[in-house]
Amino acid sequence: MRVILLGPPGAGKGTQAKMLMEKFKIPQVSTGDILRKAVKDDSELGRKAKAFMEAGQLVSDDIVIGLIKERIKKRDCENGFILDGFPRTNVQAEKLTETLRDMGQTMDAVIDLVVDPGELVARLTGRRTCEECGCMFHQTSRPPKLPGVCDYCGGKLYQRPDDNEETILKRLAIYERETAPLREFYGRQGRLKTMPGLGSVDEIFSRVCELVS
Ligand code: AP5
């Protein structure tokens, strides 16, 4: 099963991708996570990406396309994968289609999670992420049992540098300009499934599972 989770920053792509990964035993492939790890490791890739990410801008197409091409050819992706945060531009979507075609594959579904901007800002300003395992919490809607500590691995929770209101608004504007047009791209291919991203995480997960099975 090969699925793309589309949707603006804060729509719940990462949250749902982790749940799909558990249920279907296929990897979550998140360009955001790969880039954040590179920044943390201070690798050459991380040094190139850091300023763009902190400013809420997109990293160059060449960089992320290269990352994805390499990642989806790995053995753990043989039975499928969940793309979270990729593609984000028309060029990325076209290159993905081309790469999959060369591999004799296609995407099965593109799920577009729709959430209104006010809710997105509230979700992102309150998000706290585990430094160790990447699990996500929210200060009010999904607080950890102990403040600042991950329920699952005991790691320290941090606030992403791009999760402040000013940068969030920039990310939302870039999403509308660069990524929202992909609805049309995948709509034309007959793969787009649009659904509301409001409701409890479990309710949304049930609907996502219906759409992918
Ligand atoms: P990336 O990491 O992909 O961030 P994003 O797309 O901005 O998405 P988010 O991770 O912010 O949100 P999400 O939809 O995953 O929501 P989540 O589940 O966490 O990208 C970061 C940066 O990297 C980009 O700005 C760019 O610079 C670069 N980059 C990455 N990919 C790129 C690409 N392809 N091309 C170029 N540059 C790229 O949920 C958010 C919060 O809401 C959490 O607190 C969660 O607990 C809560 N929540 C989730 N679901 C619900 C619910 N149903 N109800 C209430 N709260 C909920």
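Scroll up for the structure.
What you see is a predicted model, and the numbers here were worked out from it, not measured in a lab. (Residues numbered from 1 in each chain as written. Predicted model: local features only at pLDDT ≥ 70, side-chain atom pairs only at ≥ 80, totals over all residues. Heavy atoms only, no water.)

Peer 1: How should I be thinking about the site of the ligand in this particular structure?
Peer 2: In the neighbourhood of the ligand, 34 residues make up the surrounding shell, with Thr15, Gln57, Arg88, Arg127 and Arg171 lying closest. Separating an oxygen atom of the ligand from a side-chain N or O atom of Arg127 is a distance of 2.6 Å. Measuring from an oxygen atom of the ligand, one finds a backbone N or O atom of Phe137 at 3.0 Å. Coverage of the ligand by the protein chains reaches 96% of its 1000 Å² of free accessible surface. At the level of secondary structure, the elements contributing two or more residues to the shell around the ligand comprise α1 (13-24), α2 (31-41), α6 (117-125), β6 (136-138) and α9 (201-212). When residues of the shell around the ligand are assigned to their parent elements, the largest contribution, 4 residues, is made by α2. The class makeup of the residues in the shell around the ligand is 14 nonpolar, 12 polar and 8 charged. (Near = heavy atom within 4 Å. Polar contact = N/O pair within 3.5 Å; in protein donor to acceptor, adjacent residues only side chain to side chain. Areas by Shrake-Rupley, 256 points an atom, 1.4 Å probe, with all protein chains shown as cover. Helix = DSSP H or I, 4+ residues; strand = E, 2+ residues; numbered from the N terminus. Nonpolar A, V, L, I, M, F, W, Y, C, P; charged D, E, K, R; others polar.)

Peer 1: Could you clarify how one ought to interpret the layout of surface pockets in this entry?
Peer 2: Leftover empty space is mapped by rolling, across the atoms, a probe with the size of a water molecule. The computed volume of the second largest pocket comes to approximately 170 Å³. Around the second largest pocket sit Gly14, Thr15, Lys18, Met19, Cys135, Met136, Arg142, Tyr152 and Val201, which together line it. Sort the elements by how many residues they give to the lining of the second largest pocket and α1 lands first, with 4 residues. Of the residues that constitute the lining of the second largest pocket, the class distribution is 5 nonpolar, 2 polar and 2 charged. (1 Å grid on protein atoms, 1.4 Å probe; cavity = no way out; pocket = protein on both sides within 12 Å on 5 of 7 lines; lining within 4 Å. Points joined across faces, edges and corners; volume = space filled by probe spheres on them.)

Peer 1: Looking at this model, I keep getting lost on unusual backbone geometry. Mind explaining?
Peer 2: Apart from glycine, the bulk of residues carry a negative phi angle, and the bulk of peptide bonds sit in the trans form. Going from Phe86 to Pro87, the amide bond is cis rather than trans, its omega being 0 degrees. The phi torsion at Lys25 lies on the positive side, around 55 degrees, for a residue other than glycine. Of note, Lys25 is situated in the loop between α1 and β2 (28-30).

Peer 1: Before we go on, may I ask you to explain the nonpolar core in this structure?
Peer 2: Among soluble globular proteins, nonpolar side chains are generally buried collectively. In terms of nonpolar packing, the biggest core is built from 26 residues, with Ile4, Phe81, Leu83, Leu96 and Tyr186 touching the most fellow members. When residues of this core are traced back to their parent elements, those giving at least two are β1 (2-6), α3 (44-54), α4 (61-72), β3 (81-84), α5 (90-102) and α8 (182-188). At 5 residues, the largest contribution of residues to this core is made by α4. Excluding residues that lie within four positions of it along the chain, Leu83 makes contacts with Val3, Ile4, Leu5, Val29, Ile68, Ile72 and Leu96. One finds Ala17, Val115, Leu172 and Met195 within the second-largest nonpolar core, a separate group that totals 21 residues. (Core = buried A, V, L, I, M, F, W, Y, C linked by side-chain atoms within 4.5 Å. Buried < 20%, exposed > 50% of the residue type's maximum accessible area, 1.4 Å probe, protein only. Contact = heavy atoms within 4.5 Å.)

Peer 1: Help me understand the side chain of Arg171 in this model?
Peer 2: Examined against the element boundaries, Arg171 turns out to sit in helix α7 (residues 165-179). A distance of 2.7 Å separates the side chain of Arg171 from the backbone oxygen of Asp162, its partner in a polar contact. In terms of polar contacts, Arg171 uses its side chain to reach the side chain of Asp163, at 2.9 Å.

Peer 1: Could you clarify how one ought to interpret the state of the cysteines in this entry?
Peer 2: By definition, a disulfide links the sulfur atoms of two cysteines through a covalent bond. Evaluation of the coordinates by the stated rule reveals 0 disulfides. Here Cys130 stays unpaired: no disulfide links it, and the sulfur of Cys153, its closest cysteine neighbor, is 3.5 Å away. With a relative accessible area of 40%, Cys153 lands in the partly exposed category. (Disulfide = S-S within 2.5 Å.)

Peer 1: So what exactly am I meant to see when it comes to the environment of Arg207 here?
Peer 2: Locating Arg207 in the fold gives a position in helix α9. Sequence separation between Arg207 and Pro196 is 11 residues, and the spatial gap between their C-alpha atoms is 9.4 Å. Discounting chain neighbours no more than four positions away, the residues touching Arg207 are Met195, Pro196 and Leu198.

Peer 1: Sorry, what's going on with the pattern of salt bridges here?
Peer 2: Between side chains of opposite charge, pairing is possible as soon as their charged atoms come close. Across all of its chains, the model carries 15 salt bridges by this definition. In this structure, Arg36 engages Asp33 in a salt bridge whose closest nitrogen and oxygen atoms are separated by 2.8 Å. On the criterion of helical spacing, the pair formed by Arg36 and Asp33 is a turn pair, its members being 3 residues apart in helix α2. Given a relative accessible area of 22%, Arg36 falls into the partly exposed group. (Salt bridge = Lys/Arg side-chain N within 4 Å of Asp/Glu carboxyl O.)

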